[in-house]
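Listed here are the chains, written in short residue letters.
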Amino acid sequence: SFTALKSLGACPDNIHAACDFSGKALILRCNGKTLDAKQEKRFFCASGSGSSLEVHGCVLTRGKASALGVALQDDLGGAIRIQAGTLIIQSCIFQSGYSSVGGAIYASGTVAITISSAEFKSNTGNSGAAIYAAASSGSLTLTISNTTFQSNRGTNGGAVVSEMFSVSREIH
């Protein structure tokens, strides 16, 4: 729960702020439990080296990135925004997330992403309704296996948008 994450110092008291794992390693095992952001915030964000997030067996629903802040990055990634580090998603469901870019996940910079046995359902984003991945500097690795994309809505890419220059992509 967010209460447990707050006790680790990862999540602020502000209901509109995401849990920031910048420079930290965070492993979340939900055993099928649902985390609901109620369209008030994204769940997790990180920028900077040494950031590592593993999410196992979670249902992440109604994550929303909003442009309430002054920085453009406030509207990137409905559930997760990572701009450096490692992201591992296993046996998770991302549903009803919203962001202008990356309805569920936004990744940029030097990032290694592995997604397996996941579902992305009913996420919305103008670019990359489920996942947006860009590597204009550094390198980004995106590996997706045994994952389904269903009813995601986006102007540019209903499932995955990848804008990569130095990249390794593997989608099964």
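Residues numbered from 1 in each chain as written. Predicted model: local features only at pLDDT ≥ 70, side-chain atom pairs only at ≥ 80, totals over all residues. Heavy atoms only, no water.

S.K.: Any chance you could break down the overall build of the protein for me, citing the residues and the numbers?
M.R.: The secondary structure content of the protein amounts to one helix and 17 strands. The buried share among the 172 residues of the protein stands at 47%. Expressed as a percentage of contacts within the protein between residues at least 6 apart in sequence, the contacts between residues at least 24 apart total 78%. Within the structure as shown, the protein displays about 7,700 Å² of accessible surface, and the carbon and sulfur contribution to it stands at 47%. (Helix = DSSP H or I, 4+ residues; strand = E, 2+ residues; numbered from the N terminus. Buried < 20%, exposed > 50% of the residue type's maximum accessible area, 1.4 Å probe, protein only. Contact = heavy atoms within 4.5 Å. Areas by Shrake-Rupley, 256 points an atom, 1.4 Å probe, with all protein chains shown as cover.)

S.K.: How would you sum up the packing of aromatic side chains? Please name residues and give values.
M.R.: Taken as a whole and judged by the stated rule, the model has four aromatic pairs. Centroid distance Phe-94 to Phe-120: 4.9 Å. Interplanar angle 5 degrees. Geometry classified as stacked. Placement of the pair is Phe-94 in strand E9 (residues 93–95) and Phe-120 in strand E12 (residues 119–121), with a sequence separation of 26 residues. Exposure class is identical for Phe-94 and Phe-120. Each is buried. When the centroid spacing of 5.1 Å and the interplanar angle of 10 degrees are considered together, the rings of Phe-120 and Phe-149 count as stacked. Note that Phe-120 is positioned in strand E12 and Phe-149 in strand E15 (residues 148–150), a separation of 29 residues in sequence. Looking at Phe-120, the relative accessible area reads 0%, which means it is buried. On the accessibility criterion, Phe-149 (29% relative accessible area) is partly exposed. By way of ring pairs, the aromatic residues Phe-94, Phe-120 and Phe-149 are connected into one cluster. (Phe/Tyr/Trp six-rings, centres within 6.5 Å; stacked < 30°, edge-to-face > 60°.)

S.K.: Go over the nonpolar core with me, naming the residues and quoting the values.
M.R.: In this structure, Phe-44, Ile-80, Ile-89, Phe-94, Ile-105, Ile-115 and Phe-120 are the most contacted members of the largest nonpolar core, which totals 36 residues. With near-sequence residues (within four places) excluded, Ile-89 lies in contact with Val-55, Ile-80, Phe-94, Ile-105, Thr-114, Ile-115, Ser-116 and Ala-118. Counting residues in each nonpolar core, the second largest holds six residues, with Val-101, Tyr-106, Ala-134 and Val-161 among its members. (Core = buried A, V, L, I, M, F, W, Y, C linked by side-chain atoms within 4.5 Å.)

S.K.: Residues and numbers for unusual backbone geometry, please.
M.R.: Of note in this structure, Arg-62 is not a glycine but carries a positive phi near 55 degrees. Looking at the element boundaries, Arg-62 is found in the loop between strand E6 (59–61) and strand E7 (80–82). Under the relative-accessibility criterion, Arg-62 is labelled partly exposed at 32%.

S.K.: Could you give an account of the sheet that holds strand E3 (residues 34–36), with specific residues and numbers?
M.R.: Spatially, five strands are ordered E3-E6-E9-E12-E15 in an open sheet, and the strand pairing comes out parallel. Of all the strands in the sheet, just E3 and E15 have a single pairing partner and so form its edges. Here the average twist between neighbouring strands, direction ignored, is 10 degrees. (Pairing = 2+ DSSP bridges. Axes fitted to C-alpha atoms, helices over the stretch in contact; angles between N-to-C directions.)

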